[in-house]
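The residues making up each chain are set out below.
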Amino acid sequence: MDVLSVPLWIILGAGMAFIVLKSQWWSVMMIHPEKPRSSKWLIIGGTIIRLVFISLIFIAVGFYSIYALLIVFSSFMVSRLLILFIWQKRFEVGKGKIH
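Now for a look at the structure at hand. Quick caveat: nothing in here was measured; it's all calculated off a predicted structure.

If you walk through the whole model with that rule in mind, you get four aromatic pairs. Ring centres of Phe-18 and Trp-87 lie 6.2 Å apart, and the angle between their planes is 65 degrees; on these two criteria the pair is classed as edge-to-face. Taken together, the residues span a long stretch of sequence, with Phe-18 in helix H1 (residues 6-30) and Trp-87 in helix H3 (residues 66-93) at a distance of 69 residues. Pairing Phe-58 with Phe-73 gives two aromatic rings, centres 6.0 Å apart and planes at 65 degrees, and the pair type is edge-to-face. One end of the pair, Phe-58, is in helix H2 (residues 36-64); the other, Phe-73, is in helix H3, and 15 residues separate them in sequence. Judged by its relative accessible area of 17%, Phe-58 falls in the buried class. Under the relative-accessibility criterion, Phe-73 is labelled partly exposed at 40%. An aromatic cluster is present here, built from Phe-58, Phe-73 and Phe-76 joined pairwise through their rings. Cation over ring: Lys-22 sits above Trp-25, and NZ or CZ is 4.6 Å from the ring centre.

What counts as what
Residues numbered from 1 in each chain as written. Predicted model: local features only at pLDDT ≥ 70, side-chain atom pairs only at ≥ 80, totals over all residues. Heavy atoms only, no water. Phe/Tyr/Trp six-rings, centres within 6.5 Å; stacked < 30°, edge-to-face > 60°. Helix = DSSP H or I, 4+ residues; strand = E, 2+ residues; numbered from the N terminus. Buried < 20%, exposed > 50% of the residue type's maximum accessible area, 1.4 Å probe, protein only. Lys NZ or Arg CZ within 6 Å of the ring centre and 35° of its normal.

If you want it as structure tokens, here you go:
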């Protein structure tokens, strides 16, 4: 594995974390208490799509190199934590407000 490709893998993991978290946020915003059936399907369908997306990226990177896979996975997990830490203040401001 080339040292110059490491930033690419880190950016891929961080970008993937951002996309997954934004899609989770969007799914939660679309939930409506008056439409429980469609809300359930939205959450289940979104989860499946996110899992397939994550799996495809990890499989593709795994074919390249195990070290690249470890870098992408690590940057994905660390980025998720950092993004959630940054967004935590926004969550606390709107505490108790669903819609």
